[in-house]
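# Architecture and fold: a report
Okay, here's what each chain looks like letter by letter:
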Amino acid sequence: MREIQFREALGEAMSEEMRRDENIFLMGEEVAQYNGAYKVSQGMLDEFGSKRVIDTPIAELGFTGIGIGAAMNGLRPIIEFMTFNFSLVAIDQIINGAAKMMSMSGGQLPIPIVFRGPTGNAGMLSSQHSQNFDSWYANTPGLKVVVPSNPKDAKGLLKSSIRDNDPVIFMESELMYADKGDVPEDSEFLVPIGKATTVHEGADVTIVSFGKVVKVALEAAAELAKDNIFAEVIDLRTIRPIDYQAVVDSVKKTNRLVIVEEAWPLSSISTEITYHVQRYAFDYLDAPIRRINNWDVPLPYAPTLIEMILPNAKKTVQACKDVLYVD
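We now turn to the structure provided with this report. Position numbers for residues start from 1 in each chain and track the written sequence from start to end. Only residues with pLDDT of 70 or above have their local features reported here, since the model is predicted, and side-chain atom pairs are shown and tallied only from 80 upward, although totals for entire chains, interfaces and linings are computed over all residues. With hydrogens and water excluded, all non-hydrogen atoms of the structure serve as input to the side-chain values.

## Quick notes on helix 9 (residues 269–280)
Put simply, DSSP H or I for four residues or longer makes a helix, DSSP E for two residues or longer makes a strand, and each gets a number counted from the N terminus. One less than the residue count of a helix, multiplied by 1.5 Å, gives the span that helix is expected to have. Taking 1.5 Å of rise per residue, 12 residues should cover 16 Å, and helix 9 covers 17 Å from first to last C-alpha, within 8% of that figure. For every residue, the accessible area obtained with a 1.4 Å probe (protein chains only) is divided by the maximum for its type, and the residue is called buried under 20%, exposed over 50%, and partly exposed between those limits. Residues Ile269, Ser270, Ile273, His276 and Val277 constitute the buried set of helix 9. Within helix 9, the buried residues cover an arc of 125 degrees as seen down the axis, which keeps them to one side. Contacts from the buried residues of helix 9 go to helix 5 (134–138), strand 10 (205–209), strand 12 (238–240), helix 8 (244–254), strand 13 (257–260) and strand 14 (290–292). Within this analysis, the arc is defined by the directions that extend from the helix axis to the C-beta atoms. Contacts: residue pairs with any heavy atoms within 4.5 Å of one another.

If you want it as structure tokens, here you go:
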């Protein structure tokens, strides 16, 4: 183990896999000469050359289509979006191309491709650069959706995603690239897609989250512990597939559930989990399920309004106390 940044963990994952398999290549805006918009691909051009680390024009529709075509012909592309807000330009290629090709070809054309880049709020970037499309993509059969919360999982999950034969949406956060954490040096270290993890043990209330908002959940758990309330925090890690059983098992232990998600509330992952828990663990619930989402508005520019609209530890603590019926 050694401590490295989130961005370094991602870069290591890509480099290790590219050394292992010459069919893997990276393509996107500024990934080569500039070493990546967020320095995730730093040094990769020097090691792998311009045929495998490819700078593109500002044309997401075009290079996404090229990547999908390459995957159909036996290569294993990694497509980097500078932000998933820009993936909307290429969403037809992803939804109607990558996601459906395996099914429409009767299994003849697997699409081993990874689409990766930052998602969600990253500070004062306003409405068009601060959106969460996690649940949009998770609603699409044929795609897998991965949202890691720490450097260790980021490396292990990205390596698993690159090796997967299905298209994977791999969502990061600009606010996490400098986060540090212990990461194994083993080049065969993998984290399985579709398996949640318990990041904090507790018996009083379950808090479920994923991505950078796991830090909010852990902060809330620390605050609750000061009042002798012990929260169990579940990090989903992937939201298609979702590890429903991990959530249900925790609810059976704590009898209460709060879901924290940086996303609009309608048709969110928190909505899906709420349905599943009331379907399969209703008799174990001692209080209604609570969820903490963004307000149902485009994200504003002003930092005071951003703080008001997004999930935070204070809102999460209060929700946990509400389901415990304590002040």
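## Structural notes on the pairing of strand 10
For strand 10, a buried count of five out of five residues is recorded, marking the element as mostly surrounded by other parts of the structure. Taken together, the five bridges between strand 10 and strand 11 (residues 231–235) define a ladder with parallel strand orientation. Residue pairing across strands places Val205 opposite Ala231, the latter belonging to strand 11. Taken together, strand 10, helix 7 (residues 214–225) and strand 11 constitute a β-α-β crossover, and its handedness is right-handed. A pair of strands is treated as paired once DSSP finds two or more bridges between them. Taken together, the three bridges between strand 10 and strand 13 define a ladder with parallel strand orientation. Residue pairing in the sheet places Val208 in a bridge with Ile259 of strand 13. Here is how to tell: hold the view so the strands point away, follow the path from the first strand over the helix to the second, and if it runs clockwise the crossover is right-handed.

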